[in-house]
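Geometric and topological summary
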Amino acid sequence: MSILVFVEGDQGKIKNSSREAVTYASSIDQSSVVALALGSFEASELEQLGTNGANSVLHASSERLNEGIIQVYAEVLTKAMEECGAHTLVLAKSALGDAVAARTSILSNAGMASNVVALPDLSDGFSVMRSIYSGKAFAHVKLKGANRILILKKNTVELKTNGEPAQIVQFSPELNQEGFSTTITATERVSGEVLLPEADIVVSGGRGLKGPENWHLIEDLASALGAATGCSKPVSDMEWRPHHEHVGQTGIKVSPSLYIAIGISGAIQHLAGVNSSKVIVVINKDPDAPFFKSADYGIVGDAFEVVPKLTEAINASK
Amino acid sequence: MKILVCITHVPDTTSRIAFVNNNSEFDSNGVQYIIGPYEDYALARAVELKEELGGSITVLHVGGAEADPTIRKALAIGADDAIRVNAQPEDSYYVAQQIYAIAKDDSYDLILMGRESIDYNGGQVHGMVGALMNIPSISPVMQLNIENGVAKITREIEGGKELIEVPLPFVAGCQEPIAEWKIPNMRGIMSARSKPLQVVEPVDSDTMTSTLKFQLPPAKGSIKMIDADKVEELVALLKNEAKVL
Ligand SMILES: Cc1cc2nc3c(=O)[nH]c(=O)nc-3n(C[C@H](O)[C@H](O)[C@H](O)COP(=O)(O)OP(=O)(O)OC[C@H]3O[C@@H](n4cnc5c(N)ncnc54)[C@H](O)[C@@H]3O)c2cc1C
């Protein structure tokens with residue numbers, strides 16, 4: 001009985017969050033982890049999943065799978081579960097993973113939990129702890145039925161990197177024509193930047209930055225730290241920054257090791273997207289800004305003075 | 001254009017989250033309930049599409065009578081009629097089965113909902129309904145236009161967006177900036193009172209999950225303040241104490 005892990009790529013590289021999902025599965029049963037990769041990948045990239053805990057990699061390399069069409073992917077995931085007799089499917093939270101897994105749960109008759117934050121409890125059936133109310137609480141949920149699907153939040157396990165390279169097995173499921181009625185006509189994305197949900201460090205700016213022309217402050221600090229950049233909702237509403245950087249209740253929920261908030265007041269809806277960060281640093285000129293109540297480290301000061309100094313200090317400390 | 005908008009009835013985003021009865025139940029004491037913000041976006045876009053293309057909007061909610069004011073608000077915003085499936089929304093699977101039971105016989109061109117509810121953050125119902133109906137499901141949708149029976153969609157992906165074309169009907173899990181939230185006006189509120197709200201009994205369905213108990217996160221420790229002139233101290237703390245650099 002194997003555990004199937006759906007892994008996603010980003011510009012040819014397997015995402016770190018997917019590698020974490022492989023490690024998570026191997027922590028449940030280290031002898032039976034099969035990673036599933038769809039579309040074109042270099043063999044070396046897939047073999048390396050073994051170091052994270054995969055025993056083998058099922059590779060459906062058809063070019064028709066290079067685009068993530070939700071309906072098509074859900075059918076392939078379901079067939080892959082059957083192919084390797086997997087009763088458990090694990091994947092990392094992502095825009096594509098969430099949408100695909102939901103369909104797959106119906107096709108594979110699986111109970112499903114998203115935003116899982118810990119290893120399952122197998123003492124009485126199969127239950128998991130998941131984050132709810134946008135990180136403000138947790139629920140312990142029992143998954144019924146013969147099959148189950150778990151979507152993991154980032155940083156749920158420590159990534160394993162010391163395993164042996166995995167064997168790649170080709171997988172050529174029949175692709176149902178129906179799903180291809182959906183066509184992806186274009187993809188627009190930034191290149192070369194750390195993706196926000198994948199990032200281990202996030203530097204976010206709010207309305208306190210005064211305008212998009214000042215974002216170099218955020219970007220310089222982020223590049224000194226190898227971090228992704230985020231923003232508050234008004235900042236993306238005013239189009240100072242693209243929408244995919246919007247963090248919070250109605251935006252991206254992040255759980256990095258370090259979240260640095262600059263010129264963000266700390267409204268409850270913003271906190272909902274960041275409260276599972278390990279460490280939070282707040283820089284705000286108002287000592288009464290609510291964000292200080294939810295932070296680990298704080299500096300009261302003007303971002304335009306403090307941030308360049310901080311960037312310099314980080315560069316100097318390397 | 002016949003549009004079905006499925007809405008949740010959830011605690012306001014500023015609600016204090018607490019549990020009662022030995023952490024087995026949500027404490028709804030003093031909590032204000034709203035249409036989920038993502039469904040509010042979906043509904044707002046449905047109203048715009050109806051203005052542009054004509055047609056009708058039905059709102060659907062699976063839940064008890066306590067949600068009726070929330071449903072009336074959706075009618076005030078611009079839906080034409082409403083259906084409430086009179087059952088507690090036990091889990092995503094159960095809710096999806098109820099939506100499917102309503103939608104399978106009424107040929108909707110579009111089924112809109114939020115990308116996820118803000119209470120359980122499951123993000124599953126749109127995909128489940130799509131799979132049950134065997135039609136496409138797309139999420140998270142940040143733009144939606146209909147041209148000659150084909151939907152042109154912008155879907156958010158990590159670091160950018162994807163442009164998609166999909167024939168009707170399909171299910172969309174919506175998010176901003178698909179439309180601006182609409183505030184009901186006086187006329188909307190008055191007319192909502194007389195719009196039909198049909199209450200139907202649920203179909204038999206299993207659940208696939210059950211909640212054992214709830215838990216609150218540990219309280220944050222106290223904050224350490226660093227002088228604005230001593231940023232190197234912050235760097236040292238992040239390195240040596242927090243160990244995140
Ligand atoms: C249903 C709903 C959902 C929402 N979802 C989200 C969400 O997902 N994400 C989100 O972010 N918001 C969300 N909001 C909005 C939220 O309530 C706040 O309005 C928003 O987070 C405020 O953004 P801000 O902190 O950038 O701006 P402000 O609240 O205006 O705060 C700016 C801060 O910058 C500080 N400042 C100003 N100048 C300087 C300077 N020179 N140096 C340092 N600091 C400075 C100020 O002291 C202030 O604290 C939502 C609201 C609602 C109603």
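Up top is the structure these notes are about.
Residues numbered from 1 in each chain as written. Chains lettered and ligands numbered in written order. Predicted model: local features only at pLDDT ≥ 70, side-chain atom pairs only at ≥ 80, totals over all residues. Heavy atoms only, no water.

1. Here's the deal with the interface of chain A and chain B
Listed per partner, the contact involves 88 residues of chain A and 79 residues of chain B. Of the roughly 7,000 Å² buried between chain A and chain B on both sides combined, carbon and sulfur atoms contribute 58%. Among the residues chain A hides against chain B, the three largest losses belong to Tyr133, His140 and Tyr297 of chain A. Together they make up 11% of the total. Put simply, chain A and chain B have six salt bridges between them. Lys220 of chain B serves as the salt-bridge partner of Asp296 of chain A, at 2.9 Å between the closest nitrogen and oxygen. Here the side of chain A that touches chain B takes nine residues from helix H4 (residues 95-107) of chain A, the largest share from any one element. Split into classes, the residues belonging to the side of chain A that touches chain B amount to 40 nonpolar, 31 polar and 17 charged. In the sheet, strand E12 (residues 183-189) of chain A pairs with strand E11 (residues 160-167) of chain B via six bridges, with the strands oriented antiparallel. For Thr187 of chain A, the partnering residue across the bridge sits in E11 of chain B and is Glu162 of chain B. (Contact = heavy atoms within 4.5 Å. Buried area = accessible area lost by both parts, 1.4 Å probe. Salt bridge = Lys/Arg side-chain N within 4 Å of Asp/Glu carboxyl O. Helix = DSSP H or I, 4+ residues; strand = E, 2+ residues; numbered from the N terminus. Nonpolar A, V, L, I, M, F, W, Y, C, P; charged D, E, K, R; others polar. Pairing = 2+ DSSP bridges.)

2. Things to note about the sheet that holds strand E7 (residues 81-85) of chain B
The strand order across the open sheet built from ten strands is E12(A)-E11(B)-E10(B)-E9(B)-E12(B)-E8(B)-E1(B)-E6(B)-E7(B)-E13(B), with neighbouring strands paired in mixed fashion. Two strands lie at the open edges of the sheet, namely E12 of chain A together with strand E13 (197-200) of chain B, each paired on one side alone. For this sheet the average axis-to-axis angle between neighbouring strands, irrespective of direction, equals 30 degrees. Looking at chain direction, strand E9 (residues 137-147) of chain B and strand E12 (residues 170-174) of chain B are connected through three bridges and run parallel. Note on E12 of chain B: the bridge partner recorded for Ile138 of chain B is Ala172 of chain B. Sitting on the sheet, helix H2 (residues 68-77) of chain B touches strand E6 (56-62), E7 and E13 of chain B, and the angle it makes with E7 of chain B is about 155 degrees. Docked against the sheet, helix H4 (residues 125-133) of chain B engages strand E8 (110-114), E9 and E12 of chain B, running at close to 155 degrees with respect to E8 of chain B. (Axes fitted to C-alpha atoms, helices over the stretch in contact; angles between N-to-C directions.)

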